[in-house]
Amino acid sequence: MTYEMIITETHGSVAQITLNRPRALNALCDQLMTELAAALRAADADPAIGAIILTGSPRAFAAGADIKEMQDKTYPDTALDDFIGRNWEVVTTIRKPVIAAVAGYALGGGCELAMMCDMIIAADTAQFGQPEINLGVIPGAGGTQRLTRAIGKSKAMDMILTGRMMDATEAERAGLVSRIIPAADLLTEAHKIAGTIAALSPVAVTIAKRSVNRAFETTLAEGIAYERATFLALFGTPHQREGMTAFIEKRKPDFA
Ligand code: HXC
């Protein structure tokens with residue numbers, strides 16, 4: 001597939017996908033989301049790739065779903081087309097870790113897209129928000145659920161009911177983002193994190209991601225049972241022997 005609205009590149013074992021519709025502040029139209037879903041699936045299927053970075057432009061990660069494209073939609077259109085389930089949900093099905101590297105606006109669907117990733121690192125220029133209420137609608141790609149789980153009910157209500165934006169400092173304090181990076185260093189830092197993950201045992205990384213995600217889908221007891229079973233199962237992999245032996249032999253493990 002040739003891409004017009006995203007740029008894909010590979011750096012060693014890290015895939016980088018850049019949303020590239022800067023004049024529309026990377027508004028997430030159907031074509032862009034179709035391309036993104038295809039690129040994510042391709043990176044996930046490539047055995048040479050161990051982690052994926054999703055980023056935007058300096059001014060905007062993404063300013064939301066494309067309002068111009070949605071303006072004339074009717075309920076039957078949206079119900080039959082299922083434009084959210086078709087492409088957006090793909091992000092949550094990717095097996096490999098996906099790091100959102102956010103600079104500038106991450107609004108509406110842009111914030112929701114970042115929250116579908118496994119972690120968000122933010123440039124000091126980042127602005128997060130769910131302004132859909134100003135358009136007479138509400139978040140539609142998980143915002144009311146994922147934002148509430150990330151930052152708690154009171155702050156999520158504040159953001160979603162007023163439509164206000166939150167800067168990087170507030171987002172880090174609230175637990176929405178894992179780190180704040182000076183804007184000029186955002187991608188370098190994202191690649192350092194992704195490179196670290198990509199050098200680890202792919203099976204341990206996959207299981208760790210799945211286990212953390214269980215925390216959002218099940219009870220504490222079930223989640224802990226899943227963690228225990230998968231932890232024990234990892235003793236069936238050569239990477240457990242290599243990781244523990246390397247520690248004892250005071251050398252770096254080789255998970256290749
Ligand atoms: C379509 C958009 C857009 C969007 C910006 N643009 N956001 N086009 N959909 N979500 C376009 C503008 O129309 C404009 O195009 C160009 O990008 C630059 O934007 P400006 O508004 O001129 O820039 P600025 O004044 O700097 O303001 C930046 C902004 C503002 C604060 C981010 O653009 C804004 O409020 N955007 C909308 C944010 C929003 O409401 N997002 C939620 C969308 S609903 P032209 O052609 O005029 O130059 C949503 C629901 C998701 O996301 C549900 C799941 C599918």
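Here, every reference points to the structure presented above.
Definitions and limits used
- Residues numbered from 1 in each chain as written.
- Predicted model: local features only at pLDDT ≥ 70, side-chain atom pairs only at ≥ 80, totals over all residues.
- Heavy atoms only, no water.
- Core = buried A, V, L, I, M, F, W, Y, C linked by side-chain atoms within 4.5 Å.
- Buried < 20%, exposed > 50% of the residue type's maximum accessible area, 1.4 Å probe, protein only.
- Helix = DSSP H or I, 4+ residues; strand = E, 2+ residues; numbered from the N terminus.
- Contact = heavy atoms within 4.5 Å.
- Pairing = 2+ DSSP bridges.
- Axes fitted to C-alpha atoms, helices over the stretch in contact; angles between N-to-C directions.
- Parallel < 35°, antiparallel > 145°, perpendicular 65-115°, else oblique.
- Nonpolar A, V, L, I, M, F, W, Y, C, P; charged D, E, K, R; others polar.
- Near = heavy atom within 4 Å.
- Polar contact = N/O pair within 3.5 Å; in protein donor to acceptor, adjacent residues only side chain to side chain.
- Areas by Shrake-Rupley, 256 points an atom, 1.4 Å probe, with all protein chains shown as cover.
- Left-handed = near helix turned anticlockwise from the far one by under 90°.

### Re the nonpolar core
Then comes step 1: Within the largest apolar cluster, 50 residues are counted, with the highest numbers of intra-cluster contacts made by Leu-19, Phe-61, Leu-113, Phe-128 and Leu-176.
Then comes step 2: The element that contributes the greatest number of residues to this core is helix H1 (residues 30-45), accounting for seven residues.
Then comes step 3: The residues contacting Leu-176, other than those within four sequence positions of it, are Met-115, Ile-120, Phe-128, Leu-147, Ala-150, Ile-151, Met-166 and Ala-171.
Then comes step 4: With 16 residues, the next largest nonpolar core counts Val-14, Ile-53, Ile-99 and Ala-123 among its residues.

### Here's the deal with the pairing of strand E1 (residues 6-11)
Then comes step 1: Of the pairings in the sheet, the one linking E1 to strand E2 (residues 14-19) comprises six bridges and is antiparallel in character. Its bridge partner being in E2, Thr-10 is matched across the sheet by Ala-15.
Then comes step 2: The hairpin turn running from E1 into E2, its antiparallel successor, is two residues long, and Gly-12 in that turn takes a positive phi close to 60 degrees.

### Observations concerning the packing of helix H10 (residues 202-214) against helix H11 (residues 220-233)
Describing two packed helices takes the angle between their axes plus the distance from one axis to the other.
Then comes step 1: Between H10 and H11, the shortest axis-to-axis distance is 9 Å and the interhelical angle comes to 170 degrees. The angle between the axes of H10 and H11 places the two elements in the roughly antiparallel class. Where H10 approaches H11, its residues Ile-207, Arg-210, Ser-211 and Arg-214 are matched on the opposing element by Tyr-226, Glu-227 and Thr-230.
Then comes step 2: Class assignment of the residues belonging to the contact of H10 with H11 gives a composition of two nonpolar, two polar and three charged.

### Comments concerning the site of the ligand
Then comes step 1: Near the ligand, the surroundings consist of 25 residues, among which Arg-59, Ala-63, Ala-65, Ile-67 and Gly-109 are the closest.
Then comes step 2: Within the side chain of Arg-59, an N or O atom sits 2.6 Å from an oxygen atom of the ligand.
Then comes step 3: Contacts to the ligand include Ala-63, whose backbone N or O atom sits 2.9 Å from a nitrogen atom.
Then comes step 4: Burial of the ligand by the protein chains amounts to 67% of its free accessible area of 1,000 Å².
Then comes step 5: Residue assignment for the shell around the ligand shows that the elements contributing at least two residues are helix H2 (67-70), helix H4 (83-87), strand E6 (105-107) and helix H5 (109-116).
Then comes step 6: Here the shell around the ligand gets three residues from one element, more than from any other, and that element is H2.
Then comes step 7: The class makeup of the residues in the shell around the ligand is 15 nonpolar, four polar and six charged.

### Concerning the environment of Asp-81
Then comes step 1: Tracing the sequence through the fold places Asp-81 in helix H3 (residues 75-81).
Then comes step 2: Taking relative accessible area as the criterion, Asp-81 reaches 31% and is therefore assigned partly exposed.
Then comes step 3: When the C-alpha atoms of Asp-81 and Ala-122 are compared, they prove to be 33 Å apart, with 41 residues separating the residues in sequence.
Then comes step 4: Only 2.9 Å separates the side chain of Asp-81 from the side chain of Arg-86, close enough to count as a polar contact.

### A short note on the packing of H5 against helix H6 (residues 143-151)
Then comes step 1: The contact between H5 and H6 brings their axes to 10 Å, and the two run at 60 degrees. Accordingly, the angle class assigned to the pair H5 and H6 is oblique. The handedness of the crossing between H5 and H6 is left-handed. Across the interface between the two elements, Glu-112, Met-115 and Met-116 of H5 pack against Gly-143, Arg-146 and Leu-147 of H6.
Then comes step 2: When grouped by side-chain class, the residues that make up the contact of H5 with H6 number three nonpolar, one polar and two charged.

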